[in-house]
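Summary of the model geometry
Next come the chains, spelled out residue by residue.
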Amino acid sequence: MDEFRCTEPVTLRILQPGLADGEVRYEERSATAVVIENRGYRPEDGASAAFEFLLPGRFRLPPGSRLTWRGTTYDVATVKSCRDLDGTIRALRCTVC
């Protein structure tokens, strides 16, 4: 994507549907992201974290997945699709907690 520059390497553990041998399944994927700091964050607010991540591409990233950035693993709380005017998904914006 030429619209923004992804400079931060992240590791995604994408939650897979169903269970395997009674265990939750994840697909691991490496990616680069734009990290957006949420300066209005207060820990007492609860679910939203101090960072949001903009991930280019068209892939499924359901809430409950995990994202590791700079040695810290976060749970993905919300995911919103970023679309072009024609409706094509170009990126995902996710909030972590």
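Reading guide: rules and limits
Residues numbered from 1 in each chain as written. Predicted model: local features only at pLDDT ≥ 70, side-chain atom pairs only at ≥ 80, totals over all residues. Heavy atoms only, no water. Salt bridge = Lys/Arg side-chain N within 4 Å of Asp/Glu carboxyl O. Helix = DSSP H or I, 4+ residues; strand = E, 2+ residues; numbered from the N terminus. Buried < 20%, exposed > 50% of the residue type's maximum accessible area, 1.4 Å probe, protein only.

Taken as a whole and judged by the stated rule, the model has four salt bridges. One salt bridge in this structure joins Glu52 and Arg93, with 2.7 Å as the shortest N-O distance. Of this pair, Glu52 sits in strand β3 (residues 51–56) while Arg93 sits in strand β6 (residues 89–96); the two residues are 41 residues apart in sequence, bridging distant segments of the chain. Here Glu52 falls in the buried class, since its relative accessible area comes to 18%. Relative accessible area serves as the criterion here: at 33%, Arg93 is assigned to the partly exposed category. Across the pair Asp84 and Arg90 runs a salt bridge, and its minimum N-O distance is 2.5 Å. Here Asp84 falls in the partly exposed class, since its relative accessible area comes to 28%. Classification of Arg90 by relative accessible area gives partly exposed; the value is 33%.

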